[in-house]
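Residue-level structural notes
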Amino acid sequence: MAAEAMEVQQLLQLAREKSEQARSHLFEVMGDLFQEQAAVLSAQERALMVDILEKLVREVSHDIRLKLSHRLADLPGTPRELAILLANDEIDIASPILMRSRALQDADLIEIIHHRSRQHILAVAMRRDLSMSVSDVLVETGHSDVIMALLNNQEATISEKTMAYLVDQSKHIDEFQEPLVHRRDLPRDLAVKMCYWVSAAIRQFIVEKFQVDANELDDTIEPILQEQVEATKAETPSPEALTPAEEAARAIKESGKLTARLMIQTLRRGEVPMFEAMFAQASELRLGLVHRLLYEVGGNGIAVIARALRLSREEFATIYLLTRRARPGLGGGAVDLGRALGFYDKVATDAAMKVLERWRRDPQYLYAIKTIEQGGSRPGGGADFLGPTSEGDGTQ
């Protein structure tokens, strides 16, 4: 122990020197001691070292503190007091400790969530092996970016109660949906429940990942749909109570003048309600369902209707972009359009028509899109007449 005592005396001597070089050397030596001799240091020696560091850590430069943080973040023997001190420092110094140091306990992390900056909270959300109690507190912040970081952290443990809450929130917060369905610990029943409100692409992922068959999906979703239908029945107008736009669209179709060109021209002029009514008449779907499909994230619903009505690729792309322009926040950039066109290209016309027929019979079952057979053929062109008996591009 004489050697260790000598080293402690040297540390005390270095601590008395106030030069930047001496302080840097002091922190370097202490880092070595914690890393190499933590097991042989006495409790008194460790306490002395921690006391020296706590008193001096705020006096040394940012670079020295940053270097110490990275060095101690993965060290099993890091003193808890020092880890707490560094975890409350500036975010770039705190991040390695918050994300990796096992010296921090749940109580320390919860205290930081309650009192530190959003960046500190985000670093906690990305921490390995997060406990359920810490995950719950992160969700309680209500910050979408924090919750997204937590959901994307596959090593975080999330309670089933909290998971159920986040699944329910995903009805209204679309960005939660994809990280939720990709979590390894998402219960199967919650995943199947999400099929009611997620986009077609995510719905298909759930069906494949959890091997859900159509009957099970029907049994799970039908009670939810029935409850919603009953709750909104009083607000739903009768078929005879058409809006002026619906009446005009019906008259245009009956006159044989309802074409893709006319619909696109109407949409370009900014007459969105009139376009929606025309699109509903062309597809023979209820206006409420058409409205939901038109503004579904990803545009897969529009692609299905377009293929069933034999709209050309260019006509589909134009409608997709113009509806996104009418509803900012739905995307519509080059990448989004590319994905939408990719889906359109894979959808076979006969499969799209089957989905459209099912929507006509049971318009609430948006998940019918999962029945699409994704063929590789591309449409050969569009047809102006959008009636249900039109002959078109011959795509099978």
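The structure displayed is predicted, hence computed values, not measured ones. (Residues numbered from 1 in each chain as written. Predicted model: local features only at pLDDT ≥ 70, side-chain atom pairs only at ≥ 80, totals over all residues. Heavy atoms only, no water.)

1. Some words on the overall build of the protein
Within the protein one finds 23 helices and zero strands. Taking all 396 residues of the protein together, 47% fall into the buried category. Considering only contacts in the protein between residues 6 or more positions apart, those separated by 24 or more positions represent 64%. When the accessible surface of the protein is summed, it comes to about 19,700 Å², and 51% of that surface belongs to carbon and sulfur atoms. (Helix = DSSP H or I, 4+ residues; strand = E, 2+ residues; numbered from the N terminus. Buried < 20%, exposed > 50% of the residue type's maximum accessible area, 1.4 Å probe, protein only. Contact = heavy atoms within 4.5 Å. Areas by Shrake-Rupley, 256 points an atom, 1.4 Å probe, with all protein chains shown as cover.)

2. Description of the nonpolar core
Within the largest apolar cluster, 54 residues are counted, with the highest numbers of intra-cluster contacts made by Leu98, Val124, Leu138, Met194 and Ile206. If you look at the next biggest cluster of nonpolar residues, it comprises 44 residues, including Ala260, Ile302, Leu322 and Val347. (Core = buried A, V, L, I, M, F, W, Y, C linked by side-chain atoms within 4.5 Å.)

3. Considerations on the confidence of the model for the protein
When pLDDT is averaged across the protein, the result is 78; 67% of the residues are at 70 or more. Here residues 1-6 is modelled with pLDDT under 50, and outside its nearest four sequence neighbours on either side it reaches six contacts, counting other chains as well. Every residue in residues 364-396 is under pLDDT 50, and counting partners more than four places away or in other chains gives 100 contacts. (pLDDT = per-residue confidence, 0-100.)

4. A few points about the packing of aromatic side chains
Taken as a whole and assessed by the stated rule, the structure comprises three aromatic pairs. Ring geometry for Phe316 against Tyr320: centres 6.2 Å apart, planes inclined by 40°, an arrangement best described as tilted. With a gap of four residues between them, Phe316 and Tyr320 both fall in helix 21 (residues 313-326), about one helical turn apart. You can call Tyr320 buried: its relative accessible area is 1%. Taken together, a centroid distance of 5.0 Å and an interplanar angle of 10° make the contact between Phe316 and Tyr344 stacked. In this pair, Phe316 sits in helix 21 while Tyr344 sits in helix 22 (residues 334-346), placing the two residues 28 residues apart along the sequence. (Phe/Tyr/Trp six-rings, centres within 6.5 Å; stacked < 30°, edge-to-face > 60°.)

5. Considerations on the environment of Arg250
Mapped onto the secondary structure, Arg250 falls in helix 16 (residues 244-254). Classification of Arg250 as partly exposed rests on a relative accessible area of 38%. The sequence separation of Arg250 and Ala277 amounts to 27 residues, and the corresponding C-alpha distance is 8.3 Å. Look past the residues within four positions of Arg250 in its chain and what remains in contact with it is Leu242 and Gln281.

6. Structural notes on the packing of helix 16 against helix 18 (residues 272-283)
Relative to each other, helix 16 and helix 18 sit at 45°, their axes nearing to 8 Å. The pairing of helix 16 with helix 18 is recorded here as oblique in orientation. When the axes of helix 16 and helix 18 are compared, the crossing they make is right-handed. Where helix 16 abuts helix 18, its residues Ala245, Glu246, Ala248, Ala249, Arg250, Ile252 and Lys253 lie against Pro273, Met274, Ala277, Met278, Gln281 and Ala282. Its residues placed into classes, the contact of helix 16 with helix 18 shows nine nonpolar, one polar and three charged. (Axes fitted to C-alpha atoms, helices over the stretch in contact; angles between N-to-C directions. Parallel < 35°, antiparallel > 145°, perpendicular 65-115°, else oblique. Left-handed = near helix turned anticlockwise from the far one by under 90°. Nonpolar A, V, L, I, M, F, W, Y, C, P; charged D, E, K, R; others polar.)

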